[in-house]
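# A closer look at the structure
If you want the building blocks of each chain, they are given just below.
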Amino acid sequence: MADLTPTPDRPGLHVSKVSPNTPATGSAVCHCGATATATGDTQVKALVEGYTANHGPAHGRTER
């Protein structure tokens with residue numbers, strides 16, 4: 001399987017949860033240079049929400 005961990009050359013968001021009994025892990029790298037990692041279901045959820053709201057796709061949004 002390919003390594004799906006985001007890098008500065010391949011920015012993005014990656015979340016993994018091997019089984020229902022293990023904590024989720026997540027990592028994010030934005031093309032603006034911001035990076036973050038998280039461990040635990042609650043922290044990974046916050047990472048995804050923050051990345052979605054402030055990085056990645058949010059950089060393409062324009063306010064009206």
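First, a word on scope: everything that follows refers to the structure included in this document. (Residues numbered from 1 in each chain as written. Predicted model: local features only at pLDDT ≥ 70, side-chain atom pairs only at ≥ 80, totals over all residues. Heavy atoms only, no water.)

Check the secondary structure of the protein chain and you find one helix and three strands. From first element to last, N terminus to C terminus, the protein chain shows the α and β order β-β-β-α. Looking at the protein chain residue by residue over its 64 residues, the buried ones come to 23%. For the protein chain, the proportion of contacts with a sequence separation of at least 24, taken over those separated by at least 6, is 16%. (Helix = DSSP H or I, 4+ residues; strand = E, 2+ residues; numbered from the N terminus. Buried < 20%, exposed > 50% of the residue type's maximum accessible area, 1.4 Å probe, protein only. Contact = heavy atoms within 4.5 Å.)

Here we come to the nonpolar core. Of all hydrophobic cores here, the largest spans seven residues; its members are Ala 24, Ala 28, Cys 30, Ala 38, Val 44, Leu 47 and Tyr 51. The greatest single-element share of this core, amounting to three residues, is contributed by helix H1 (residues 41-54). Residue contacts for Tyr 51: discarding those within four places in its chain leaves Gly 12, Leu 13, Ala 28, Val 29, Cys 30, Gly 56 and Pro 57. (Core = buried A, V, L, I, M, F, W, Y, C linked by side-chain atoms within 4.5 Å.)

As summarised here, the arrangement of the three strands in space is S1-S2-S3, forming an open sheet in which the pairing is antiparallel. If you trace the sheet from one side to the other, it starts and ends with strand S1 (12-16) and strand S3 (35-39), each paired once. Here the average twist between neighbouring strands, direction ignored, is 5 degrees. When S1 meets strand S2 (residues 25-29), the two strands line up antiparallel, connected through five bridges. (Pairing = 2+ DSSP bridges. Axes fitted to C-alpha atoms, helices over the stretch in contact; angles between N-to-C directions.)

Moving on, we get to the environment of Pro 11. Checked against the element boundaries, Pro 11 lands in the segment before S1. In sequence terms Pro 11 and Ala 34 are 23 residues apart; their C-alpha atoms lie 9.6 Å from each other. Non-local contacts of Pro 11, meaning those with residues more than four positions away in its chain, are made with Pro 6, Val 29, Cys 30 and His 31.

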